[in-house]
Amino acid sequence: MYETLLAVQKEHVFTGATKAVAYRKQQLQKLKTMLQTYEKELLSALRADLNKQEPEARMVEMAFLHQEIDLALESIDEWVKPMKVKTPTSHTGSKSWVATEPYGSVLIISPWNYPIQLTFAPLIGALAAGNAAVLKPSELTPRTSSIMAAAVRATFPKELVTVVEGDAKTAETLLNLPFDSIFFTGSAAVGKIVLEKAAKHMTPCTLELGGKSPVIVDGEAKLKLAAKRIAWGKFLNAGQTCIAPDYALVDEDVYEPFLEQLKTQTYTLFSDKTKEGTYTQIVNDKHFERLRRYLDNGHIALGGQISPQARLISPTILTNVPWDAPIMQEEIFGPILPVFRYKTPAEAIQKVRSLPNPLALYVFSENERVQRLFTEQLSFGGGCINDTLMHAANPYLPFGGKGASGIGAYHGYESFRTFSHQKSLLKQSTTFDVPFRYKQGKIANTFIRNICK
């Protein structure tokens, strides 16, 4: 069944219909209209799956997508233009350029934490680049997945965009097919499986993973503002954000006052939501139990309230956590923040380097030398100085990881590039012919040495 779907999509791209800029714009506009038409149903489904409230969902799911679509519609005429490049003197009479073409049919596998945004954001790039796409949303948010599938069916022909619902076995079946490109967002463990499957068909792969993203608070940081922005970035969506601060490293000179500010700001931002039952849920019982066990890994400085029936864990701050505790062995992906002290910047750098490259890094300091030290000496996908999360909301910045936190990038122009093959072309003049390349011996060698200087 899926083999036929893939063949139909590839054939549609082969017709050349998707390459027309007008066609691409039309599809992007249809996607925008679809999101507007089905917004209420999608937001309702998010609430049913994750208890995600409308104001938050509009901001982190819908608004981001409209911004991305608008940028693509405004920019696609420039993006598709062939890019002229220089030609060396050895190629006299010729000119060179780079053209883009769609890969063909692409597979987009999306996660459950931001199911709407992380399904349709890659699709924007795929459509802008002229591809057809198969979308495989997460089965852990079934109501949202169902509405997305219905919306896509009502908006696009299956030869251009279709949604395939199902569990991990469905995803594995799709990964066994020779798609022309694969885009996966999820855990590093599953990312390795995706990469292995893609290798069998030599399929280009973009992996958006995660990891333990640190936030570093320097002694010269504005502590109240830092605490507020860290609390917001960490506990938004119940910490189920791939770029959420995973742990905090705080200069020991300001550790105590920062901790007090962090507790105050966390309580101010989220206490009403937890009391009213409007705080985002943990996605399922398995993840809830995993997170519940982490509460024993240190001293609970704030929070720690749980409700298994509602799959609720209140925003929690942990102190006195051993560096080798279970909570530090994998990405937390929940509303728990361990806070550590550090004595020197070198110690903080060593601790971050002891873990795999994170997807994000956040530095809070008023000292530009300190800002440069941490952002230049540490490897990470992207990040912020004196803020959290907001780099991912800028469509002009590429978003992606490094090493264990991902391969490739997207957002804005990078999404177009991710789903486009860069085709190099050279056109040689036929009005004359340079004879040196046909000759052997001293004259040709002298010519080659001169042009290579």
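Residues numbered from 1 in each chain as written. Predicted model: local features only at pLDDT ≥ 70, side-chain atom pairs only at ≥ 80, totals over all residues. Heavy atoms only, no water.

## Section: the pattern of salt bridges
The following threshold applies: Salt bridges are defined by distance alone: a side-chain nitrogen of Lys or Arg within 4 Å of a carboxyl oxygen of Asp or Glu. Going along the chain from the N terminus, every DSSP run of H or I of four or more residues is numbered as a helix, and every run of E of two or more is numbered as a strand. Exposed residues in this analysis have more than 50% of their type's maximum accessible area, buried residues have under 20%, and partly exposed residues fall in between, with area computed by a 1.4 Å probe over protein chains only.
Scanning the entire structure with this criterion turns up 17 salt bridges. In this structure, the salt-bridge partner of K263 is E260, at a minimum N-O distance of 3.2 Å. Linking K263 with E260, this pair stays in helix 10 (residues 255–276), spanning three residues, or about one helical turn. E260 gets classed as partly exposed once you look at its relative accessible area, which sits at 41%. In the salt-bridge network here, residues are joined through shared partners; they are E39, E54 and R58.

## What to know about the pairing of strand 16 (residues 382–385)
Counted only if it meets this: Strand pairing requires that DSSP identify at least two bridges connecting the strands. Here the term right-handed applies to a crossover when the path leading from its first strand over the helix to its second strand runs clockwise, the strands being oriented away from the viewer.
Going residue by residue along strand 16, you find G382 and C384 tucked away on one face and G383 and I385 left uncovered on the opposite face. Bridging between strand 15 (residues 360–364) and strand 16 involves four bridges; their strand directions are parallel. Counterpart to V363 in the pairing with strand 16 is I385. Read from strand 15 through helix 13 (residues 368–377) to strand 16, the crossover connection turns out right-handed.

## Observations regarding the UniProt feature "active site" (unreviewed entry) in the protein
Spelled out, the test is: UniProt positions are given in the numbering used here, feature names are shortened, and annotations may be inferred rather than shown by experiment. Two residues form a contact once any of their heavy atoms are found within 4.5 Å.
Taken from the UniProt record, the annotation "active site" (unreviewed entry) applies to E208. Inspection of the secondary structure puts E208 in strand 7 (residues 205–208). What E208 contacts, discounting residues up to four positions off in sequence, is F183, F184, T185, G186, F399, G400, G401, S405, G408, A409 and Y410.

## Things to note about the pairing of strand 7
Side-chain alternation along strand 7 places C205 and L207 on one buried face and T206 and E208 on a second face that is also buried. Summarising the sheet, strand 6 (residues 181–185) and strand 7 pair through four bridges and their orientation is parallel. For F183, the partnering residue across the bridge sits in strand 7 and is T206. Bridge analysis of strand 7 against strand 18 (residues 406–407) gives two bridges, and the strand direction is antiparallel. Looking across to strand 18, one finds that E208 is bridged to G406.

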